Amino acid sequence: MTPQPYAYQRRELVEPDWTRLPGWRDVTREQWENAQWQRVHCVKNIKQLRDVLGDLVDERFYTDLETDQAHLATMSMLIPPQMINTMVPDRQPDTDTFYTDPVRRYMLPVASDRRTDWPSHPYSTRDSLHEHDMWVAEGLTHRYPTKVLAELLPTCPQYCGHCTRMDLVGNSTPTVDKLKLTLKPADRYDAMLTYLRTHPGVRDVVVSGGDVANVPWRQLENFLTRMLDIDTVRDIRLATKALMGLPQHWLQPDVVDGLGRIAAIANTRGVNLAIHTHVNHAQSLTPLVAKAARTALDVGVRDVRNQGVLMRGVNATSTDLLDLCFALQGEAGILPYYFYMCDMIPNAEHWRVAVWQAQQLQHDIMGYLPGYATPRIVCDVPFVGKRWVHMVTEYDRERGISYWTKNYRTSIETDDADALARTYPYYDPIDTLPESGRKWWAKEQANEAATG
Ligand code: SF4
């Protein structure tokens, strides 16, 4: 019999043995499951990484990492032990397995991962989605007609190398001086709530950051309780990668109790309260992550959904995507919802995939998962918003330029009569183009340099 392109096999989740790593040889389960222990023992620099890995990884890797940190990284280093433990999860890592590990590739990028021909696309930008341009109050992006994004704070318990909010989130790096929020948190939250009260057409709020796991629980509960008093708000989604990166946070009794109180109010008022998390590889799903997701559902959160990011070297094969989706859906109680194409930020070309590759992946994952749990692969087109990858209007494959349209005005186009008649470009990574296309971009770049 001819085999199917993908062979489903149920795999139970396993918590990798953290004592295989020299620095955590003596760490007890009680310590491991303690959120505070996890936060205190996050890896924030190369010395701390050495303390964990010891001699398992040789000097070549650390030098490579140091070069990246000094010249290329757009995010500072911050990785909870929970996430480090999912790198090379089934044995002691060595240099080669650590280099090729998919979680390492995006959480701990090194200089040799990046492309040297086109490390950045010429049209890459710091705030590639122009979220800051669409702020209607500090941290509140109004892009879609009925939805807003509330960035409560600029920090997370973990920093991802490919973060689309690299402009704002995390500590400054040698190459990126981060934008700073200026209002006091209480004033920022007040301004956001005032906007929601005075704009009843906004019915859907993504409460994000950063990561809401870094907002002290009482502050977050207070903010959410006040938002639930606004009866025009009908959907609330809490964005937290920490559900996977630091599930210990979401299992703390005070957080679980508080989430239950918020879910009870939401249920009484008929508001859809969901958690959106960000898992990019099946390796990241462990029993603790599943426990955190199921606990949220048990206390009344309506849904826990995943929004992953599609990245070369991490998950951009149909097998990786399906393995992840089956683990999310079948083992962790998390709905596979979206995969975003990696945005056009600086130094990200080695991660990005071309639109045609994303279309092929969408094609290849159809039909295996339940329909409602088959994720959509989406392109977040600057000045447009999310588009399914097959919604492209025109596509110049030679130069890697796709053109997209939209059906609403963002908050900065309310007086722009032509906004809906225009097409908006998106760009494939140049290394994925045919030779003629690569030459065209090289010539463009040379002309640009010549004319200043
Ligand atoms: S958790 Fe989200 S906001 Fe935080 S660094 Fe990662 S991608 Fe960025």
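Refer to the structure printed above.
What counts and what doesn't
Residues numbered from 1 in each chain as written. Predicted model: local features only at pLDDT ≥ 70, side-chain atom pairs only at ≥ 80, totals over all residues. Heavy atoms only, no water. Helix = DSSP H or I, 4+ residues; strand = E, 2+ residues; numbered from the N terminus. Rg over C-alpha atoms; globule rule 2.2 N^0.38 Å. Buried < 20%, exposed > 50% of the residue type's maximum accessible area, 1.4 Å probe, protein only. Areas by Shrake-Rupley, 256 points an atom, 1.4 Å probe, with all protein chains shown as cover. Pairing = 2+ DSSP bridges. Contact = heavy atoms within 4.5 Å. Axes fitted to C-alpha atoms, helices over the stretch in contact; angles between N-to-C directions. Near = heavy atom within 4 Å. Nonpolar A, V, L, I, M, F, W, Y, C, P; charged D, E, K, R; others polar. Phe/Tyr/Trp six-rings, centres within 6.5 Å; stacked < 30°, edge-to-face > 60°. Lys NZ or Arg CZ within 6 Å of the ring centre and 35° of its normal. Salt bridge = Lys/Arg side-chain N within 4 Å of Asp/Glu carboxyl O. Parallel < 35°, antiparallel > 145°, perpendicular 65-115°, else oblique. Left-handed = near helix turned anticlockwise from the far one by under 90°.

A. Inspection of the overall build of the protein at higher detail. Across its full length, the protein holds 16 helices and 13 strands. Its C-alpha atoms give the protein a radius of gyration of 22 Å, within 12% of the compact-globule value 22 Å for 452 residues. Seen through its principal axes, the protein has C-alpha atoms that stretch 60 × 55 × 55 Å. Here the protein holds 452 residues, and 57% of them are scored as buried. Within the structure as shown, the protein displays about 19,000 Å² of accessible surface, and the carbon and sulfur contribution to it stands at 50%.

B. Representation of the sheet that holds strand E9 (residues 376–381). Pairing in this open sheet of 10 strands is mixed, and the strands run E1-E2-E3-E4-E5-E6-E7-E8-E9-E10 from one edge to the other. Since the sheet does not close on itself, it has two edges, and those belong to strand E1 (135–137) and strand E10 (385–388), each with one partner. As defined by bridge partners, E1 adjoins strand E2 (residues 140–141) across 2 bridges and the pair is classed as antiparallel. By the bridge assignment, tryptophan 135 is partnered in E2 with threonine 141. Contacts between helix H15 (residues 355–365) and the sheet are confined to strand E7 (303–310), strand E8 (335–341) and E9, with E9 contributing the most and set at about 160° to the helix.

C. Region of interest: the site of the ligand. Taken together, Met75, Cys156, Gln158, Tyr159, Cys160, Cys163, Gly210, Lys241 and His278 make up the full set of residues near the ligand. A class-by-class count of the residues in the shell around the ligand yields 5 nonpolar, 3 polar and 1 charged.

D. Geometry of the packing of aromatic side chains. Within this structure, the stated rule accounts for 19 aromatic pairs. Measuring from centroid to centroid gives 4.6 Å for tyrosine 8 and phenylalanine 326, while their planes differ by 50°, and the two rings are tilted. Taken as a pair, tyrosine 8 in the segment before helix H1 (29–32) and phenylalanine 326 in helix H14 (residues 318–332) lie far apart in primary sequence, 318 residues in all. What makes tyrosine 8 partly exposed here is its relative accessible area of 48%. Of the residues examined, phenylalanine 326 reaches a relative accessible area of 16% and is grouped as buried. A network of ring pairs unites the aromatic residues Tyr6, Tyr8, Phe326 and Tyr368 as a single cluster. Over the aromatic face of tyrosine 62 sits the side chain of arginine 50, whose NZ or CZ is 4.3 Å from the ring centroid. Note that arginine 397 overlies the ring of tyrosine 395, its terminal NZ or CZ placed 5.9 Å from the centroid.

E. A look at the pattern of salt bridges. Counted by the stated rule, this structure contains 28 salt bridges. A salt bridge links aspartate 117 to arginine 115, with the shortest nitrogen-to-oxygen separation between them at 2.8 Å. The partly exposed category is assigned to aspartate 117, whose relative accessible area is 42%. For the salt bridge of lysine 406 with glutamate 413, the shortest nitrogen-to-oxygen distance reads 2.6 Å. For lysine 406, a relative accessible area of 5% corresponds to the buried category. Classification of glutamate 413 as buried rests on a relative accessible area of 6%. Look at the salt bridges and you will find they share partners, linking Arg115, Asp117, Arg312 and Asp431 into a network.

F. Highlighting the packing of helix H3 (residues 46–53) against helix H4 (residues 59–71). Here H3 crosses H4 at 155°, and the two axes come no closer than 11 Å. Judged by the inter-axis angle, H3 sits roughly antiparallel to H4. For the pair H3 and H4, the crossing hand works out as right-handed. Contacts between H3 and H4 involve Ile46, Leu49, Arg50 and Leu53 from the former and Glu59, Phe61, Tyr62, Leu65 and Glu66 from the latter.

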